[in-house]
Amino acid sequence: MKANHLAVGFAFIAAGVIPCAMAQDADGRKLATQICSSCHGPRGESVSSAFPRLAAQQAQYLDAQLKAFRDHSRADPMAQAYMWGMASQLDDAAISSLAAYYSAQKPVHGKGGDAKLVQQGKAIYEKGIAGANAQPCGTCHGKDGEGNAIYPRLAGQHAEYLVKQLVVFKDALRADPNAAIMHNISSGMSFEQMEAVATYLASR
């Protein structure tokens, strides 16, 4: 049964649409568990680094991103491949309910990583990178990576996903409200520094 549900979910993704009856349903829990779970898990605890963890994510950030997917103002490659179609039929009420549902879930506990990378990443997160225009990440994302309003929760996120997003920001492939800020920050970061701060955050 579970395999069938996954197959159906991915079929909707491939088609780039959500069933009309579900798209207009403002029950975020139902949408999350019956549609979004194929990629993000029923409570936003994605197990694949291809898809971000949404559990305990900031509701305001999720609301803004889903609307950016819907109007195509967030245009990075993965957004176009997956989320443009999925968000296209969501109205504001459904988006608000989804954001509220995920933000109320328990955060995923981080997993340990390479100790040296974690230590290096912690220093970058807390102090930034001198001479690289990279300010301390905690200024916007919170002391413990919990996020704040339009600034997303990063703690416990897949390290691979975080690195991919930093690269997308650096290459100016992502357009959304925070893109300019993150482009400036990531432009001076090496891949190794991105990997370090992502490993630190994944361990939180």
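Residues numbered from 1 in each chain as written. Predicted model: local features only at pLDDT ≥ 70, side-chain atom pairs only at ≥ 80, totals over all residues. Heavy atoms only, no water.

Chemist: Honestly, empty space enclosed by the protein in this entry has me stumped. Any pointers?
Modeler: Empty space left among the atoms is revealed by rolling a probe the size of a water molecule over them. Within the structure shown, the criterion is met by one cavity of 30 Å³ or more. Approximately 80 Å³ is the volume found for the largest cavity. Lining the largest cavity are R53, A55, Q57, P107, V108, R153, A155, G156 and Q157. By residue class, the composition of the lining of the largest cavity is four nonpolar, three polar and two charged. (1 Å grid on protein atoms, 1.4 Å probe; cavity = no way out; pocket = protein on both sides within 12 Å on 5 of 7 lines; lining within 4 Å. Points joined across faces, edges and corners; volume = space filled by probe spheres on them. Nonpolar A, V, L, I, M, F, W, Y, C, P; charged D, E, K, R; others polar.)

Chemist: In this structure, what is going on with the environment of C137? I would like to understand it.
Modeler: When you line up the elements, C137 lands in the loop between α7 (115-127) and α8 (138-141). Measuring from C-alpha to C-alpha, the distance between C137 and K127 comes to 7.8 Å, with ten residues separating the pair along the chain. Every residue in contact with C137, bar those within four places of it in the chain, is listed here: I124, Y125, G142 and V197. (Helix = DSSP H or I, 4+ residues; strand = E, 2+ residues; numbered from the N terminus. Contact = heavy atoms within 4.5 Å.)

Chemist: Please explain the environment of Y102 as it appears in this structure.
Modeler: Inspection of the secondary structure puts Y102 in helix α6 (residues 92-103). As a C-alpha pair, Y102 and E45 span 57 residues in sequence and 9.6 Å in three-dimensional space. Not counting residues up to four positions away in its chain, the partners in contact with Y102 are A32, C36, H40, G41, R43, G44, L54, A55, A56, Q57 and L62.

Chemist: Help me understand the packing of aromatic side chains, please; the structure alone is not making it clear to me.
Modeler: The geometry of an aromatic ring pair is captured by two quantities: the separation of the ring centres and the angle between the planes. In this structure the tally under the stated criterion is three aromatic pairs. Taking the centre distance of 5.3 Å and the plane angle of 90° together, the rings of F51 and Y82 count as edge-to-face. Residue F51 is found in the loop between α3 (28-40) and α4 (59-70), and its partner Y82 is found in helix α5 (residues 77-87); the two are separated by 31 residues along the sequence. Of the residues examined, F51 reaches a relative accessible area of 11% and is grouped as buried. The partly exposed category is assigned to Y82, whose relative accessible area is 27%. Here the aromatic rings of Y125 and Y200 are separated by 5.8 Å at their centres, their planes lie at 50°, and the arrangement is tilted. You can see Y125 sitting in helix α7 and its partner Y200 sitting in helix α11 (residues 191-202), a full 75 residues away along the chain. Each member of the pair Y125 and Y200 is classed as buried. (Phe/Tyr/Trp six-rings, centres within 6.5 Å; stacked < 30°, edge-to-face > 60°. Buried < 20%, exposed > 50% of the residue type's maximum accessible area, 1.4 Å probe, protein only.)

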